[in-house]
Amino acid sequence: MKKIVFVSLAILFLCSVAVNAADSINDKIAVASNGETLKASVSNKAAKCPYYLIFDSKGNLTEVIDNPYEDASRSAGPSAANFLAGKGVTMVIAGNFGSKMINTLKSNGITHFEFKGSVGDAVKKVLK
């Protein structure tokens, strides 16, 4: 009986490791940015930044998006969070986040990370 339990636990563990590894392959990181390159600074405004730079799980820049909510007068945080969720983003990096954006990110299963510095350094930091 102990062998069966041990083998069952081992199989469950290996399955969960395989699932987590597969999930990380599909991770997309969005960085709120003041420019369109890796040298640009991370924006202090998560929801009202000029651009979102999207990276794959290996740190490759895959897309540069003009933020459609940069000039929004209301609900920029939740709108931007839902927009990024629609793009398949799993993590957002910015200098600061508002509480409404954080709540909407969490409800979409997206993590957030505060960082000050260049976009390239931010991506390197979270991929370590």
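Quick note: structure is the one above.
For the structure given in this document, a descriptive report is provided here. (Residues numbered from 1 in each chain as written. Predicted model: local features only at pLDDT ≥ 70, side-chain atom pairs only at ≥ 80, totals over all residues. Heavy atoms only, no water.)

On to the pairing of strand β1 (residues 29-33). With five of five residues buried, β1 is to be regarded as a mostly interior element. Alternating residues of β1 divide into I29, V31 and S33 and A30 and A32, and every residue in both groups is buried. One ladder, built from three bridges, connects β1 with strand β4 (residues 91-94); its direction is parallel. If you follow V31 over to β4, its bridge partner there is I93. (Buried < 20%, exposed > 50% of the residue type's maximum accessible area, 1.4 Å probe, protein only. Helix = DSSP H or I, 4+ residues; strand = E, 2+ residues; numbered from the N terminus. Pairing = 2+ DSSP bridges.)

Quick look at the sheet that holds strand β3 (residues 61-66) now. The strands making up a sheet associate through backbone hydrogen bonding, with each pair oriented either parallel or antiparallel. The mixed open sheet is built from five strands, whose spatial order is β3-β2-β1-β4-β5. Two strands lie at the open edges of the sheet, namely β3 and β5 (111-114), each paired on one side alone. Going across the sheet, the axis of each strand differs from the next one's by a mean of 20°, ignoring polarity. The sheet contact formed by strand β2 (residues 51-55) and β3 spans five bridges and is antiparallel. Residue pairing across strands places Y52 opposite I65, the latter belonging to β3. (Axes fitted to C-alpha atoms, helices over the stretch in contact; angles between N-to-C directions.)

A surface patch of nonpolar side chains, about 210 Å² in accessible area, is lined by L38, L61 and V64. Mapped onto the secondary structure, V64 falls in strand β3. (Patch = residues over 30% accessible without salt bridge, like charges linked within 9 Å, V, L, I, M, F, W, Y side chains within 5 Å. Areas by Shrake-Rupley, 256 points an atom, 1.4 Å probe, with all protein chains shown as cover. Salt bridge = Lys/Arg side-chain N within 4 Å of Asp/Glu carboxyl O.)

Further remarks concern the environment of D66. Residue position: D66 is located in strand β3. Taking the C-alpha atoms as reference, D66 lies 4.7 Å from Y51; in sequence the two are 15 residues apart. With sequence-adjacent residues up to four places away left out, D66 is seen in contact with P50 and Y51. (Contact = heavy atoms within 4.5 Å.)

Here we come to the side chain of S118. Take S118: it is sitting in the loop between β5 and α4 (119-127). Taking relative accessible area as the criterion, S118 reaches 18% and is therefore assigned buried.

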